[in-house]
Amino acid sequence: MDHYKTAIIGGGPGGYETAIRLNQLGISVIIFEKERLGGVCLNKGCIPTKALVKVADLFTEMKIAGEFGLENYDFPVNYEKIYNRKNLVVEKLVSGIEFLFNKRNMPLVKTKITKIEKKDGKYLIFDSNELLCSVDYVILATGSEPKELPFLPFDADKFLSSDHILNMNSLPKSLTIIGGGVIGCEFACIYAQLGVEVNIVEYLPEIVPTEDEEISKRLSMALKKQGIKIFTKTQVLSGKKEDNFVELSLSNGKTLISEKVLVSVGRKPVFDIETVGFSIKNNHDYIEINNFCQTNEKNIFAIGDVNGKLMLAHVASKQGLLVAEYIENEIKDRKKDIKDLALKPLNYDCIPACIFTNPEVASCGLTEKKAKERNIEIKIGKFPFAANGKALGVGATYGFVKTIVNAETDEILGMHIIGYLATELIAQASILINTKAKIDDVSNIIFAHPTISECVMESIEDTHKMAIHLV
């Protein structure tokens, strides 16, 4: 039986990046993945949806080309080609990661782990057929899966999960999305831009309810302008399938009829591994962890969606890198104090989040509501894209940057953006917030002209009412 220092169960962004980092650190590692490397993010989440977002945005730009002085042609949508291109993008990226593993001679076992047994201070890893290896450390990176509604179970035909909808190779005429969160709104924009009649049904008062309230309202306005019908404060009571459509009954008394229904009401952790000789604490089915992603079992860690901290791929990756450094410290230098590690425990208040809708939405740090809930006196600065030269030139004037600062210290606490390139601009906010930058620090930074990033600068200046291009 082979022995390794570390086993990683799950090959998503958290799992595979942690494996590579452990390999770089000279720590033996074996990774188990029942499907292909990349997990949900690369295979049926972040990457394929972004491939579709590009097509949808490009199609929208082509339809308004006449406004830029270009002849406005009518371009038909060949969704089968769009679908095939999406698959090629995924294949190229996943095969590239597999190439990295092959070049590093890293053991990758394609199997589902069913049991972990603790014996003589080691952990024995089993699949359904046999004992595979023993290890000193285990990193659980088993991810999450779409939640389904008990009265509307997924059938991969009419009632779809986010996995199922990415497997459609043709466009439906109409689509109702249950859930107005990040995933629901992204798919709503993709399909509406490609000509599908789209409805969103959201139980809460606003779509994307985790975002700043002002941003949520502006996104709702933008989606409605695209023809998307949005029903907030509304619950789906029941649904029935007919031959060619689905009929949903809503709590507001309305009935919606559509060809397909996407159920997008969140995700749930996946952890169905039997543990023998130890137990792992759960909190609402999520695995409990400390600041270094340790479970109550000292040498077992949980990273990514399965711990429920923040279901974002970049969070899983950063947690994994933190765990890799922690393990290296344990193995190679037991004298080093944990506080001296290069990587520090994550501050979950300061993690950027991106929504690839049209327009894009991105945020980092505290919302206005959260700051007030913590009794922090704040100042707010805002700058509209419509007052930015680059935005005017490219015809992307919808949206604004909103900055939240501590009124007493001038420290930047949060930034929220809706508009063109918001998901790229948010990296600047992440740097400023994570380094605890203050307004004076930004005053010494030169932002290139003409760029959209000047909206970030002027929104910060506006917290002191000093934005040059704003009355």
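Structural data are supplied above this passage.
*Asks:* Help me get a handle on the overall build of the protein, residues and values and all.
*Replies:* Tallying secondary structure elements over the protein gives 13 helices and 25 strands in all. Scaling as 2.2 N^0.38, a compact globule of 471 residues should have a C-alpha radius of gyration of about 23 Å, and the protein matches this with 24 Å. The C-alpha extent of the protein, read off along each of the three principal axes, is 70 × 65 × 45 Å. Taken over 471 residues, the protein has a buried fraction of 49%.

*Asks:* Break down the packing of helix α3 (residues 46-63) against helix α4 (residues 79-103) for me, with residues and values.
*Replies:* Closest axis-to-axis distance for the α3/α4 pair is 9 Å, and the angle between their directions is 140 degrees. As judged from the angle between their axes, α3 and α4 are oblique. Relative to α4, the crossing made by α3 is right-handed. Residue-level inspection shows Ile47, Pro48, Ala51, Leu52 and Val55 of α3 in contact with α4, the latter providing Tyr79, Ile82, Arg85, Lys86, Val89, Val90 and Leu93. Considering only residue class, the contact of α3 with α4 consists of 10 nonpolar, no polar and 2 charged.

*Asks:* Would you mind going over the layout of surface pockets in detail, with residue names and values included?
*Replies:* Looking at the second largest pocket, its volume works out to about 940 Å³. Surrounding the second largest pocket, 28 residues form its lining, Thr60, Glu61, Asn358, Gly395 and Ala396 being those nearest its centre. Elements represented by at least two residues in the lining of the second largest pocket include exactly α3, α6 (182-193), α7 (213-225) and α11 (422-434). With 4 residues, the single largest contributor to the lining of the second largest pocket is α3. Here the lining of the second largest pocket is built from residues that sort into 14 nonpolar, 9 polar and 5 charged.

*Asks:* Mind laying out unusual backbone geometry, listing which residues take part and the relevant values?
*Replies:* In this chain, Asn358 is followed by Pro359 through a cis amide linkage whose omega measures 10 degrees. Its location among the elements puts Pro359 in the loop between β21 (353-355) and β22 (361-365). Between His449 and Pro450 the backbone carries a cis peptide bond, its omega angle lying at -5 degrees. Residue placement: Pro450 occurs in the loop between α12 (439-443) and α13 (454-461). Of note in the backbone geometry, Asp120 takes a positive phi value of approximately 55 degrees without being a glycine. Residue position: Asp120 is located in the loop between β4 (113-119) and β5 (122-127). By relative accessible area, which is 73% here, Asp120 ends up exposed. Phi is positive for Lys465, close to 60 degrees, though the residue is something other than glycine. For Lys465, the position within the fold is in the segment after α13.

*Asks:* Help me get a handle on empty space enclosed by the protein, residues and values and all.
*Replies:* Evaluated as defined, the whole model comprises 1 cavity of 30 Å³ or more. As for the largest cavity, its lining consists of Ile289, Asn290, Asn291, Lys309, Pro345, Leu346 and Tyr348. Class assignment of the residues belonging to the lining of the largest cavity gives a composition of 4 nonpolar, 2 polar and 1 charged.

*Asks:* Quick one: what's the story with α13, residue by residue and with numbers?
*Replies:* Quick reminder: α-helices carry 3.6 residues per turn. Residues three or four places apart thus point the same way. With 7 of 8 residues buried, α13 is to be regarded as a mostly interior element. Turning to α13, its buried residues are Glu454, Cys455, Val456, Met457, Glu458, Ser459 and Ile460. Tucked into the core, α13 has its buried residues touching β23 (378-384), β24 (400-406), β25 (412-418), α11 and α12.

*Asks:* If you had to explain the nonpolar core to someone new, which residues and values would you point to?
*Replies:* Judged by nonpolar contacts, the single largest core of 53 residues is most densely connected at Phe101, Ile116, Ile125, Val138 and Leu140. Core analysis: the next-biggest nonpolar cluster, separate from the first, contains 37 residues, Tyr83, Leu160, Tyr191 and Phe400 among them.

*Asks:* Describe in detail the packing of aromatic side chains, supporting the description with residues and values.
*Replies:* Counted according to the given criterion, the structure contains 6 aromatic pairs. The interplanar angle of 40 degrees and the centroid separation of 6.3 Å between the aromatic rings of Tyr79 and Tyr191 together place this pair among those described as tilted. Here Tyr79, found in helix α4, pairs with Tyr191, found in helix α6; they are 112 residues apart in sequence, far enough to count as distant. What makes Tyr191 buried here is its relative accessible area of 0%. On the basis of an interplanar angle of 70 degrees and a centroid distance of 5.7 Å, the ring pair of Phe301 and Tyr326 is categorised as edge-to-face. With Phe301 in strand β20 (residues 300-302) and Tyr326 in helix α8 (residues 313-332), this pair connects stretches of sequence that are 25 residues apart. Judged on exposure class, the residue Phe301 and its partner Tyr326 are both buried. Counting every residue linked through ring pairs, the aromatic cluster contains Tyr137, Phe292, Phe301 and Tyr326. When the ring centre of Phe126 is taken as reference, the NZ or CZ atom of Lys115 above it lies at 4.3 Å. Here the guanidinium or amino end of Arg218 rests over the ring plane of Tyr398, the centre of that ring lying 4.9 Å away.

About the thresholds
- Residues numbered from 1 in each chain as written.
- Predicted model: local features only at pLDDT ≥ 70, side-chain atom pairs only at ≥ 80, totals over all residues.
- Heavy atoms only, no water.
- Helix = DSSP H or I, 4+ residues; strand = E, 2+ residues; numbered from the N terminus.
- Rg over C-alpha atoms; globule rule 2.2 N^0.38 Å.
- Buried < 20%, exposed > 50% of the residue type's maximum accessible area, 1.4 Å probe, protein only.
- Axes fitted to C-alpha atoms, helices over the stretch in contact; angles between N-to-C directions.
- Parallel < 35°, antiparallel > 145°, perpendicular 65-115°, else oblique.
- Left-handed = near helix turned anticlockwise from the far one by under 90°.
- Contact = heavy atoms within 4.5 Å.
- Nonpolar A, V, L, I, M, F, W, Y, C, P; charged D, E, K, R; others polar.
- 1 Å grid on protein atoms, 1.4 Å probe; cavity = no way out; pocket = protein on both sides within 12 Å on 5 of 7 lines; lining within 4 Å.
- Points joined across faces, edges and corners; volume = space filled by probe spheres on them.
- Core = buried A, V, L, I, M, F, W, Y, C linked by side-chain atoms within 4.5 Å.
- Phe/Tyr/Trp six-rings, centres within 6.5 Å; stacked < 30°, edge-to-face > 60°.
- Lys NZ or Arg CZ within 6 Å of the ring centre and 35° of its normal.

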